[in-house]
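Below, each chain spelled out in residue letters.
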Amino acid sequence: QVQLVESGGGLVQAGGSLRLSCATSGRGVVINDMAWYRQAPGNQRELVASIIRGGTTTYAEAVKGRFTISRDGTKNTVELQMSSLKPEDTAVYYCNAQTFVRSYWGRGTQVTVSS
């Protein structure tokens, strides 16, 4: 079993920055890909950024150049540095971790960007 706990969300003005963190717990579990998703009211959950064990990253077009995903492989943590935030970035952000067996989700952290 893997448990994920997100932190770092909050309210920020447009143009500001936030850093999200996701801590994992689970002994002896090998985590492969880690990612951040988001879901705005009325919308489907969408991929924001992902990072594989080797460090290769992918980003949604809407956040390229503004967001940076990183991970600590020894601690199985993942972070999302968000800059130049826009009101349309407002959403609940979820951490995701993939093992060989299944996918795990955190409960989410709210990010609100005011105009």
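Up top is the structure.
From a predicted model like this one, the values you see are computed outputs, not experimental measurements.

A.B. asks: Which parts of the structure should I look at to understand the state of the cysteines?
C.D. replies: Disulfides are covalent bonds that link the sulfur atoms of two cysteine residues. Evaluation of the coordinates by the stated rule reveals one disulfide. Two residues, Cys 22 and Cys 95, share a disulfide whose sulfurs are 2.1 Å apart. Judged by the sign of its S-S torsion, about -85°, the bond between Cys 22 and Cys 95 is left-handed. Taken together, the residues span a long stretch of sequence, with Cys 22 in strand β3 (residues 18-25) and Cys 95 in strand β9 (residues 91-98) at a distance of 73 residues. For the pair shown, Cys 22 and Cys 95 are each scored as buried.

A.B. asks: What should I look at first to understand the packing of aromatic side chains in this one?
C.D. replies: Centre distance and the angle of the planes are the two values used to describe a pair of aromatic rings. Inspection of the entire model under this criterion finds one aromatic pair. Measuring from ring centre to ring centre gives 4.8 Å for Tyr 37 and Trp 105, while their planes differ by 65°; the resulting arrangement is edge-to-face. With Tyr 37 in strand β4 (residues 34-39) and Trp 105 in strand β10 (residues 103-105), this residue pair connects regions lying 68 residues apart in the sequence. Using a relative accessible area of 38% as the deciding quantity, one classes Trp 105 as partly exposed. The positively charged end of Arg 45 is found above the aromatic ring belonging to Tyr 94, 3.7 Å away from the centroid.

A.B. asks: Hey, could you run me through the sheet that holds strand β8 (residues 77-82) in this one?
C.D. replies: The strands that make up a sheet pair up through hydrogen bonds in the backbone, lying either parallel or antiparallel. Reading across the sheet, the four strands line up as β1-β3-β8-β7 and stay open at both edges, with antiparallel pairing between neighbours. Both edges of this open sheet fall to β1 (3-7) and β7 (67-72), since each of them pairs with a single strand only. Here the strands of the sheet are splayed against their neighbours by 15° on average, with no regard to which way each runs. Relative to β8, β7 runs antiparallel, the two sharing six bridges. From the neighbouring strand, Thr 68 faces β8, where its bridge partner is Gln 81.

A.B. asks: Which parts of the structure should I look at to understand the pattern of salt bridges?
C.D. replies: A pair can form between side chains of opposite charge whenever their charged atoms are brought close. Applying the stated rule across the entire model yields five salt bridges. For Asp 89, the salt bridge goes to Arg 38, with nearest N and O atoms at 2.9 Å. Highlighted residues: Asp 89 in the loop between β8 and β9 and Arg 38 in strand β4, separated in sequence by 51 residues. Assessed through its relative accessible area of 1%, Asp 89 is described here as buried.

Thresholds, definitions, all that
Residues numbered from 1 in each chain as written. Predicted model: local features only at pLDDT ≥ 70, side-chain atom pairs only at ≥ 80, totals over all residues. Heavy atoms only, no water. Disulfide = S-S within 2.5 Å. Helix = DSSP H or I, 4+ residues; strand = E, 2+ residues; numbered from the N terminus. Buried < 20%, exposed > 50% of the residue type's maximum accessible area, 1.4 Å probe, protein only. Phe/Tyr/Trp six-rings, centres within 6.5 Å; stacked < 30°, edge-to-face > 60°. Lys NZ or Arg CZ within 6 Å of the ring centre and 35° of its normal. Pairing = 2+ DSSP bridges. Axes fitted to C-alpha atoms, helices over the stretch in contact; angles between N-to-C directions. Salt bridge = Lys/Arg side-chain N within 4 Å of Asp/Glu carboxyl O.

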